[in-house]
Amino acid sequence: MAKKPLRIGMVGYGFMGRAHSNGWRQVERFFPELGRVPVLQMACARDEGKLKAFADAWGYTQTTTDWRQVVESPDVDVVDICVPNNLHAEIASAAAKAGKAITCEKPLAMTVAEGEQMVEAVEAAKVPAMVWYNYRRVPAVTLAKQLVDEGRMGKVFHYRANFLQDWTISPDVPQGGAGVWRLDVEAAGSGVTGDLLAHNIDTAMWLNGPIVKVVADTETFVKERLHVETKTKKPVGIDDACAFLARFANGSMGLFESTRYARGHKALKTFELNGEDASFSFDLHDLQYLNFFEYKSRQTGEKAEGHLTGWRKIHVTNGEHPYMSHWWVPGLIVGYEHSFVHACADFVAGFDNGSAVRPDFRDALQTQKVCEAVLRSAKSGQWEETGAQL
């Protein structure tokens, strides 16, 4: 029996548009048990020339320069939003009203208020809606969640994370336009807080529960940059660097740092959790490994033998590990792009059986609340409550 198609309408053609398109194209090949086949139906962007090249490369059958045609098309089942942050809310709300399923790039919105409107729209329409916090679906990160759920960590004391890059150090890097909209506050809403720390916050709350209060500091090192569209220098309104302390609902302490001014780092994303019974750590540059230290055995409740105590470097490639039974033989690794394939697999499975796929819009709203509290604290210099609830 032929499988039903799941027709994808892609809004945006940049870096994330390529990552998502690859996920949709690959998922059926490696997750053949899925009941539907993603079909790249329609691609949308403002630049017709670049749009045609993108559509030809990935095999989209239709193109348009108006996102409303994607939302309104009877040939589209899922609207995939891969455009700058200031466009998320309008497109997602219109797609929900049209009864379309939605996948949306992170962060969810420009503000908590916008995010609340988006949550209201998708929940009123009862449409599936997922946000692409793809690092949850790196197998080693998913394994960390499994260790938490198995009760191996005990009482948690500390969580720390960072995300370091160096691509904006030169004052000659402009802001605005298709390539560097992340440096334009009107398009991005914030800098490293919404772009990088949002990933860390999502992972942290998935592993360790809600962040309830924060105190933060931010810095914008280059105060003015040439704007691509106006060809004039404009003040830079985004944060180049951010560091904050956090308290989780379970009483543990958190430490987070992100910057685009860490010379030599392109995407250093790490996290570590320290519990009473165990610790684990992860480094995106070595993403096939999860480092695990077991102080007390979950099975026996006894302390590990002293001469065997030490960090264990788990090579997350076995069939027993999350997602890995769908890939190669043990010992052979998967990479960044596979996290999007896993997200597609989970979304298609949820679409077919009617189950919610996390993180949904309400989950992503909690991350938005933390990001907003971080930026609020950086201005006030005070601890700020987040209001996040999971």
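What you see is a predicted model; the values in this text were computed from it and never measured.

**Here we look at the sheet that holds strand 5 (residues 101–104)**
Read from one edge of the open sheet, six strands run 3-2-1-4-5-6, paired in parallel fashion. Bordering the open sheet on either side are strand 3 (62–64) and strand 6 (129–131), each of which pairs with just one other strand. Geometrically, the sheet is characterised by an average inter-axis angle of 25° between neighbouring strands, direction not taken into account. Across the face of the sheet, helix 4 (residues 88–97) comes into contact with strand 1 (4–11), strand 4 (78–81) and strand 5 while running at roughly 175° to strand 4.

**Let's talk about the packing of helix 1 (residues 15–30) against helix 2 (residues 48–58)**
Look at helix 1 against helix 2: their axes get within 11 Å of each other, and the N-to-C directions meet at 25°. By the angle between their directions, the pair helix 1 and helix 2 is classed as roughly parallel. When the axes of helix 1 and helix 2 are compared, the crossing they make is right-handed. Residues G17, R18, S21, N22 and R25 of helix 1 form the contact with helix 2, whose own contacting residues are F54, A57 and W58. Tallied by class, the residues present in the contact of helix 1 with helix 2 amount to three nonpolar, three polar and two charged.

**Some words on the nonpolar core**
Across soluble globular proteins, nonpolar side chains show a tendency to be buried alongside one another. Core analysis: the biggest nonpolar cluster contains 76 residues, and I102, F244, F256, F280 and F361 have the highest contact counts within it. Among the elements that line this core, the one with the most residues is helix 8 (residues 192–208), at nine residues. Not counting the four nearest positions on each side in its chain, F244 is found in contact with L197, I201, V214, V215, A216, G254, L255, F256 and V374. Grouped together as the second largest cluster of nonpolar side chains are 34 residues, M10, L34, L40 and F347 included.

**Description of the pairing of strand 8 (residues 211–219)**
Sheet topology note: the strand 8/strand 11 (residues 241–248) ladder contains eight bridges and is antiparallel. Paired with K213 across the two strands is R247, which belongs to strand 11.

Rules and cut-offs
- Residues numbered from 1 in each chain as written.
- Predicted model: local features only at pLDDT ≥ 70, side-chain atom pairs only at ≥ 80, totals over all residues.
- Heavy atoms only, no water.
- Pairing = 2+ DSSP bridges.
- Helix = DSSP H or I, 4+ residues; strand = E, 2+ residues; numbered from the N terminus.
- Axes fitted to C-alpha atoms, helices over the stretch in contact; angles between N-to-C directions.
- Contact = heavy atoms within 4.5 Å.
- Parallel < 35°, antiparallel > 145°, perpendicular 65-115°, else oblique.
- Left-handed = near helix turned anticlockwise from the far one by under 90°.
- Nonpolar A, V, L, I, M, F, W, Y, C, P; charged D, E, K, R; others polar.
- Core = buried A, V, L, I, M, F, W, Y, C linked by side-chain atoms within 4.5 Å.
- Buried < 20%, exposed > 50% of the residue type's maximum accessible area, 1.4 Å probe, protein only.

Geometric values such as these leave the question of function open.
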